[in-house]
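Structural features, examined
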Amino acid sequence: MNAIGALGLSRVDAAAPAKMVVEGASKFYQARSGVVHALDNVSLEVREGEFLCILGPSGCGKSTLLWSMAGLHGLSGGRIRLGQEPIVKPHPEIAMIFQEANLLPWRNLEKNIELPFELKKIAPDKARIKALLERVGLKGFETKMPRELSGGMQQRASIVRSLAVNPSVLLMDEPFGALDAFTRDEMNLLIQEIWMETRKTIIFITHSIVEALFLADRIVVMSARPGRIQEIIDVDLPRPRGVEVQSTPEFIERANAIKAMIDHRRA
Amino acid sequence: MDSQLRDQIPTFGAKQDTAGGAGLSGGFSALASGGGRSAFETFIIILVAVVIIGGSELLLGIFQVPQYIMPKPSQIGAALITEWPFIWPHLVVTICELLIGFAIGASIGFVLAAVITQFPFAEKIVTPYILLLVTTPMLALVPLLVLRFGFGWEPRIIAVALASGPMVMINSATGFRRVDLAKIALARSFGASTFQIFTKIRIPMAMPMIIVGLMVGSIFGLLTTVGAEMVGGAEGLGNRLNYYSSMIRMPQFFAVITLLAIIGISIYVFFFWVGKKWANWEA
């Protein structure tokens, strides 16, 4: 484990105030095959403004953890706080980005992005939406229906939808998992840029070691059944990171170390 | 109104006369492929209609088919115009019965579908009875309803509601059952209330199936209206069919059939348009 610890120090000040805190989170749920122990005593502090990746095999409870942090699920035990506020239901400061964009197919792009405003019964912030659309390269596509957009464009629209209401925490549930490798690289660069510009706190779920290393300040590695935190790794690669960083020896060395650790635990 | 009708009748009437079902389905697909129809296609469609009407006119003349077996399109058209003052009150009765019965049946069916799909257990209990209502011809109840309510509008409106409501319900329920948990979670993550989830997510998602239900339900309603008028009614187009056939006045008989075809096609076109407007995302 020392080898992992030696990967480097976090760039984000460890003394930064905790933005979100998970304390002893446990979750059991009833499935057809019996009771599933999805989370086992997970404790985690997310620092203000950091990019945290949660990495783990499928079924390790990482989505369950994220949905609980979004206030969409209850926990069987433990607590989640945003600052001092307990999270037991969705919170306006927290926005979620889902797998596969999750746009409403019966609304055009503009109406999709205005959905959160509609639900909150406030007037849409047209200027902010316009600026965000321009930022992600979707200007001029406002009247297009989701099926007319590529997967990458759909996911960019869903990012705009979440950012439009200006949350301070973004929860991302394997957002680029369904995209092809090239689009995925593009989206990873975009989300890094947006994070550096806006300084949102981002918690990002992935099962790709490369994606986690590329994006994260810290990687939380989870193991499956029951879902537990196995290791928390600081990533000290300098920012902004370009796609080419993925082929540097430092990057590959770190990726191999994480892989070895996961393999070792599985065996 | 008259001149507009005259323009329409030959087209629809001819399809009804000559090819029956095939002609109708041809009309359906011609509609379905609409939108990007070129001038050439329109020309061919009109040409075919003219050939069919003109051809049947010519053939019926050549073979001297008696009018009481199959009147010529021109005779049907003429009958429609001369008989119009006597037919239109019945047309109004039929349309009103259909609209009222359908409105009652469809609203109950829709609300029932929206409520029952929220309670899976209740749904399991209710569904067999709804299926029973869908599969049993409600026409069979008309003599019974006549005994209770007389020969007025009531038994026919009840029969129409009973025929169309379950159709609307069973299709809408299929729509409401298509829950996409991710989309509901999305709405909840932005603080949506249960009511907002219903109006912004569940209803739009079910909309394509709701429209299918309304279309099929209203066509079932039309069948039942006419049937009920034939079985137990002193008025309405169904009653006219009985009347004209008993008098062997075939041109008038076919004129009424033409009107029924126009009502049916109008219903189809209307819901086709509604579907294009409100549920085109699932094309």
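In this text, all values refer to a predicted model and were calculated from it rather than measured experimentally. (Residues numbered from 1 in each chain as written. Chains lettered and ligands numbered in written order. Predicted model: local features only at pLDDT ≥ 70, side-chain atom pairs only at ≥ 80, totals over all residues. Heavy atoms only, no water.)

Focus on the overall build of chain A
Along the backbone of chain A there are 8 helices and 10 strands. Looking at chain A as a whole, 55% of its 267 residues are labelled buried. On chain A, roughly 11,800 Å² of surface is accessible, and the fraction owed to carbon and sulfur atoms is 52%. (Helix = DSSP H or I, 4+ residues; strand = E, 2+ residues; numbered from the N terminus. Buried < 20%, exposed > 50% of the residue type's maximum accessible area, 1.4 Å probe, protein only. Areas by Shrake-Rupley, 256 points an atom, 1.4 Å probe, with all protein chains shown as cover.)

Side note on the sheet that holds strand β7 (residues 169-173) of chain A
All names here are of chain A. The strand order β6-β7-β8-β3-β9-β10 describes an open sheet built from 6 strands, whose pairing is mixed. At either margin of the open sheet sits one strand with a lone partner, and together these are β6 (94-97) and β10 (228-234). Between one strand axis and the next, the sheet turns by 20 degrees as a mean value, whatever way the strands run. In this sheet, β7 lies alongside β6 in parallel orientation, the contact comprising 4 bridges. (Pairing = 2+ DSSP bridges. Axes fitted to C-alpha atoms, helices over the stretch in contact; angles between N-to-C directions.)

Brief notes about the confidence of the model for chain B
All names here are of chain B. A residue-level look at chain B finds 87% of positions with pLDDT of 70 or above and a mean pLDDT of 84. Per-element mean pLDDT across chain B ranges from 38 in helix α2 (residues 21-32) up to 93 in helix α4 (residues 73-116). Low pLDDT (under 50) marks residues 1-34, which in the prediction has 37 contacts with non-local residues, meaning those over four places away or in another chain. (pLDDT = per-residue confidence, 0-100. Contact = heavy atoms within 4.5 Å.)

Examining the side chain of S164 of chain B
Within the fold, S164 of chain B resides in helix α7 (residues 154-177). Beyond its immediate sequence surroundings of up to four residues, S164 of chain B is in contact with G101, F102, G105 and G217 of chain B.

Here we look at the packing of aromatic side chains
Tallying each qualifying case throughout the model produces 12 aromatic pairs over all chains. Plain terms: the ring middles of F102 of chain B and F271 of chain B are 6.5 Å apart, the flat faces sit at 70 degrees to each other, and that makes the pair edge-to-face. Placement of F102 of chain B in helix α4 and of F271 of chain B in helix α11 (residues 250-278) is noted, with a sequence separation of 169 residues between them. What makes F102 of chain B buried here is its relative accessible area of 14%. Pairing Y268 of chain B with F272 of chain B gives two aromatic rings, centres 6.0 Å apart and planes at 20 degrees, and the pair type is stacked. Taken together, the residues Y268 of chain B and F272 of chain B, both in helix α11 and 4 residues apart, mark about one turn of the helix. The buried category is assigned to Y268 of chain B, whose relative accessible area is 12%. Pairwise contacts between aromatic rings join F51, F176, W195 and F204 of chain A into one cluster. Geometry around F149 of chain B places R148 of chain B over its ring, the cationic atom sitting 5.0 Å from the centre. (Phe/Tyr/Trp six-rings, centres within 6.5 Å; stacked < 30°, edge-to-face > 60°. Lys NZ or Arg CZ within 6 Å of the ring centre and 35° of its normal.)

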